[in-house]
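Okay, here's what each chain looks like letter by letter:
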Amino acid sequence: QVQLVESGGGLVQPGGSLRLSCDASRIRFNVNVMAWYRQAPGSERELVAARMASGTTNYADSVKCRFTISRDNAENRVYLQMNNLKFEDTAVYYCNAQGRSYYDTTQYNQWGQGTQVTVSS
């Protein structure tokens, strides 16, 4: 069962903006970290941005000052606002949730199916 659903990807020109959304309402464990990863063709999947349960955030150096991760607790969604997009931001973007069962010590690491972001002129 898919527990994370991404949306908001698409085609954008260099310098443009997109906002990705991740619906995490189906998550049924205690989430410690919500994150966005991306994978470009021929490359490894890499961390883009992460938000801890405490609110602390961290970003890949390549996206600092351009991307912002945020969470809407009421709607159980996580967003990635991407500004000043560059050609090298082209990738499939994945939402990720890491945490632990409410009932035992089981650890979880859930992935969405990904959404394509293409930066092209």
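Not measured: the values here are computed from a predicted model.

## Section: the packing of aromatic side chains
Inspection of every chain in the model, using the stated rule, returns 4 aromatic pairs. With a centroid separation of 6.5 Å and 85 degrees between ring planes, the pair formed by Tyr-94 and Trp-111 is classed as edge-to-face. Placement of the pair is Tyr-94 in strand β9 (residues 91–100) and Trp-111 in strand β10 (residues 107–111), with a sequence separation of 17 residues. With a relative accessible area of 14%, Tyr-94 lands in the buried category. By relative accessible area, Trp-111 is classed as partly exposed at 30%. Here the aromatic rings of Tyr-102 and Tyr-103 are separated by 6.3 Å at their centres, their planes lie at 65 degrees, and the arrangement is edge-to-face. What makes Tyr-103 exposed here is its relative accessible area of 76%. Aromatic rings pair up to connect Tyr-37, Tyr-94 and Trp-111 into one cluster.

## What about the nonpolar core?
Nonpolar side chains in soluble globular proteins generally cluster together in the buried interior. Membership of the largest hydrophobic core comes to 27 residues, with the highest contact counts inside it found for Met-34, Trp-36, Leu-80, Met-82 and Tyr-93. Only β3 (18–23), β4 (30–39), β5 (46–52), β7 (67–72), β8 (77–82), β9 and β11 (115–119) provide two or more residues apiece to this core. Ranked by residues supplied to this core, first place goes to β9 with 4 residues. Not counting residues within four places of it along the chain, the set of residues in contact with Tyr-93 comprises Glu-6, Leu-20, Trp-36, Tyr-37, Arg-38, Val-48, Phe-67, Leu-80, Met-82, Gly-114, Thr-115 and Val-117.

Calculation notes
- Residues numbered from 1 in each chain as written.
- Predicted model: local features only at pLDDT ≥ 70, side-chain atom pairs only at ≥ 80, totals over all residues.
- Heavy atoms only, no water.
- Phe/Tyr/Trp six-rings, centres within 6.5 Å; stacked < 30°, edge-to-face > 60°.
- Helix = DSSP H or I, 4+ residues; strand = E, 2+ residues; numbered from the N terminus.
- Buried < 20%, exposed > 50% of the residue type's maximum accessible area, 1.4 Å probe, protein only.
- Core = buried A, V, L, I, M, F, W, Y, C linked by side-chain atoms within 4.5 Å.
- Contact = heavy atoms within 4.5 Å.

Purely geometric numbers; function is a separate question.
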